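Inside the fold
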Amino acid sequence: MERSENGTMVPVGAGIVTALVGYTSAFAVVLAGLRGVGASPGQAASGLLAVTVTMGAASALLSWRYRMPIVSAWSTPGAALLATTGAVAGGWPAAVGAFVVCGVLFVVTGLWPALARWVQRIPAPIAQAMLAGVLLPLCIAPVKALAAHPAAVAPVLLVWLVLLKVQPRWAVPLAFVVALVVIGIALVRDDAVPAFSALVPHVEWTTPAWSLQAMTGVLLPLYIVTMASQNIPGAAVLATYGYSVPWRPALTVTGVLSAVGAPFGGHAINLAAISAALAAGPDAGPASRRWIAGVSSGAANLVLGVVSTGLTAVVLAAPEGVIQAVAGVALVGAFAAACAGAMADVEARVPAAVTFVVAASGTTVVGIGSAFWALVVGIVVSVLLGVRRSAPA
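Just so you know, these numbers come straight off a predicted model, no measurement behind them.

1. So, the overall build of the chain
For the chain, the helix and strand inventory stands at 16 helices and two strands. For 393 residues, the compact-globule estimate of 2.2 N^0.38 gives 21 Å, and the chain sits close to it at 20 Å. Taken over the C-alpha atoms alone, the chain extends approximately 60 × 50 × 45 Å along its principal axes. Looking at the chain as a whole, 55% of its 393 residues qualify as buried.

Right, dumping it as structure tokens:
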């Protein structure tokens, strides 16, 4: 009773919920992203473990040090970007090299605020349209999966749809639980249960390499989408609850840990945006104790990191279409928000539409993916049409 009265158990519970919702809602997207740029199943499992542990460490450290609910998360938009990028010159080692440099750029951004202001100068409709275009193919995947594998995919989508009405926060996590049931039945039926050795946590080191294509096609879009869609909105979410994020330390910690986790396959960690409200809002207890939610969220992610290898083995053995369905529904909310942000400014709608089309096309030119070209084309069209710069996304 004493713990409840002094406001400890409530924030601890809120932190655990924050970790569970964040993890189950997007881990399939992370796996899809790592596999999309060339990771083997073992390397993807290592990458998921790396980002889970590093974001847990960042959340616990920052929340404890600054007595604020500063929750870190993996870059879900960044993972979605990777899923549509495809293999780059130099293969997986070159992608890892881009991850390392991205982490360094986060540190530089924290130490040199002018770089953050440069990112904020990208017109908000263009940044949001690029993100929407990247997310579109992933959001379409559940429709294709349902048509091809209705028996396996329909239960997942049905549970997600029903929960959107009655308990939106748990719609994706419980859809994921249903997906696990479907996967379990299929694995037992086909006698394809993974060996115990595949369930043991492990990491795989990849020596980073660097290529021009990886720097332009992976690094720049990953950095921009993570800053514009995660770090900057994440700080804004905390500000709405009265917390002023220590910008330099936050970016330094997440940047250093991103760079450290990259050789093990982690793509990027950042300030949480959507899940930040779960730990910083009134449901997390008294304002003076909400920092505990950030610490407990970090601790919960450290535990989830331990089970991530086994979960990856199960997921990668899943029937075709099931995980694509989970990843797709997990991104529908982000897609809707990006579309709304892209088209909110009437004057900028044409440049935003052009950006969206280029990003969604998946076209690669001179080895560089569509996300980069979407930003370039969108900014050029905005300048040619004389569109005034909107507020940052």
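2. Side note on the confidence of the model for the chain
Summary statistics for the chain give a mean pLDDT of 87 and a share of 96% for residues scoring 70 or more. Across residues 1-6 the pLDDT falls below 50, and counting only partners more than four positions away or on other chains, this stretch makes four contacts in the model.

3. Focus: unusual backbone geometry
The phi angle at Arg-67 is positive, at roughly 50 degrees, despite the residue not being glycine. For Arg-67, the location among the structural elements is in the loop between helix 3 (41-66) and strand 1 (72-74). By relative accessible area, Arg-67 is classed as partly exposed at 44%.

4. Regarding the side chain of Thr-24
Secondary-structure assignment places Thr-24 in helix 2 (residues 9-36). What makes Thr-24 buried here is its relative accessible area of 14%. Here Leu-20 takes part through its backbone oxygen, which lies 2.6 Å from a polar atom of the side chain of Thr-24. Not counting chain neighbours up to four residues away, the residues in contact with Thr-24 comprise Val-172, Pro-173 and Phe-176.

5. Regarding the nonpolar core
The biggest cluster of nonpolar side chains holds 103 residues, and the ones touching the most others in it are Phe-27, Trp-74, Trp-92, Phe-99 and Tyr-223. Looking at which element gives the most residues to this core, the answer is helix 10 (residues 212-240), with 13 residues. Not counting chain neighbours up to four residues away, the residues in contact with Phe-27 comprise Leu-48, Trp-74, Phe-176, Leu-311 and Val-315. Counting residues in each nonpolar core, the second largest holds eight residues, with Ala-14, Val-71, Ala-73 and Ala-284 among its members.

6. A few points about helix 14 (residues 322-343)
Taking 1.5 Å of rise per residue, the 22 residues of helix 14 would be expected to cover 32 Å, and the 31 Å separating its terminal C-alpha atoms lies within 8% of that figure. Along its length, helix 14 reaches its greatest deviation from straightness, about 40 degrees, at Val-332. Inspection of helix 14 places Val-322, Ile-323, Ala-325, Val-326, Ala-327, Gly-328, Val-329, Leu-331, Phe-335, Ala-338 and Ala-342 among the buried residues, and these make up the whole buried set.

7. A look at the packing of aromatic side chains
Using the criterion set out here, one finds seven aromatic pairs in the structure. Consider the rings of Phe-372 and Trp-373, whose centres lie 5.1 Å apart with planes at 75 degrees: the pair is edge-to-face. Clustering of aromatic rings is evident, with ring pairs tying together Tyr-23, Phe-27, Trp-74 and Phe-176. Seen from the ring of Tyr-66, Arg-65 lies directly overhead, with NZ or CZ sitting 4.8 Å from the centre.

8. A short note on the packing of helix 2 against helix 9 (residues 171-189)
Axis separation between helix 2 and helix 9 bottoms out at 8 Å; the angle between their running directions is 60 degrees. Taken together, the axes of helix 2 and helix 9 are oblique relative to one another. Every pair of crossing elements has a handedness; the one defined by helix 2 and helix 9 is left-handed. Contacts from Val-21, Thr-24, Ser-25 and Phe-27 in helix 2 reach Val-172, Pro-173 and Phe-176 in helix 9. Tallied by class, the residues present in the contact of helix 2 with helix 9 amount to five nonpolar, two polar and no charged.

9. Looking at the environment of Leu-311
The residue Leu-311 is located in helix 13 (residues 291-316) in this model. By relative accessible area, Leu-311 is classed as buried at 15%.

10. A look at helix 10
Along its 29 residues, helix 10 runs 40 Å from first to last C-alpha, staying within 8% of the 42 Å computed at 1.5 Å per residue. Considering bend angle alone, the principal kink of helix 10 is centred on Met-227 and spans about 40 degrees. Burial of helix 10 is extensive: 23 of the 29 residues sit out of reach of the surface.

11. Regarding the packing of helix 4 (residues 76-85) against helix 10
When two helices pack together, their arrangement is captured by the angle between the axes and the distance separating the axes. The N-to-C vectors of helix 4 and helix 10 enclose an angle of 150 degrees; their axes lie 8 Å apart at closest approach. The angle between helix 4 and helix 10 places the two elements in the roughly antiparallel class. Where helix 4 crosses over helix 10, the two elements pack in a sense that is right-handed. Facing Pro-77, Gly-78, Leu-81, Leu-82 and Thr-85 of helix 4, the residues of helix 10 in contact are Gly-217, Val-218, Pro-221, Leu-222, Val-225, Ser-229 and Gln-230. For the contact of helix 4 with helix 10, the per-class residue count stands at seven nonpolar, five polar and no charged.

12. Concerning a nonpolar patch on the surface
Together, Val-350, Val-376, Val-380, Leu-384 and Leu-385 make up an exposed nonpolar region whose accessible area comes to about 460 Å². Within the secondary structure, Leu-385 sits in helix 16 (residues 370-385). On the accessibility criterion, Leu-385 (52% relative accessible area) is exposed.

About the thresholds
- Residues numbered from 1 in each chain as written.
- Predicted model: local features only at pLDDT ≥ 70, side-chain atom pairs only at ≥ 80, totals over all residues.
- Heavy atoms only, no water.
- Helix = DSSP H or I, 4+ residues; strand = E, 2+ residues; numbered from the N terminus.
- Rg over C-alpha atoms; globule rule 2.2 N^0.38 Å.
- Buried < 20%, exposed > 50% of the residue type's maximum accessible area, 1.4 Å probe, protein only.
- pLDDT = per-residue confidence, 0-100.
- Contact = heavy atoms within 4.5 Å.
- Polar contact = N/O pair within 3.5 Å; in protein donor to acceptor, adjacent residues only side chain to side chain.
- Core = buried A, V, L, I, M, F, W, Y, C linked by side-chain atoms within 4.5 Å.
- Expected span 1.5 Å × (residues − 1).
- Bend = angle between axes of the 7 residues up to and from the residue.
- Phe/Tyr/Trp six-rings, centres within 6.5 Å; stacked < 30°, edge-to-face > 60°.
- Lys NZ or Arg CZ within 6 Å of the ring centre and 35° of its normal.
- Axes fitted to C-alpha atoms, helices over the stretch in contact; angles between N-to-C directions.
- Parallel < 35°, antiparallel > 145°, perpendicular 65-115°, else oblique.
- Left-handed = near helix turned anticlockwise from the far one by under 90°.
- Nonpolar A, V, L, I, M, F, W, Y, C, P; charged D, E, K, R; others polar.
- Patch = residues over 30% accessible without salt bridge, like charges linked within 9 Å, V, L, I, M, F, W, Y side chains within 5 Å.
- Areas by Shrake-Rupley, 256 points an atom, 1.4 Å probe, with all protein chains shown as cover.
- Salt bridge = Lys/Arg side-chain N within 4 Å of Asp/Glu carboxyl O.

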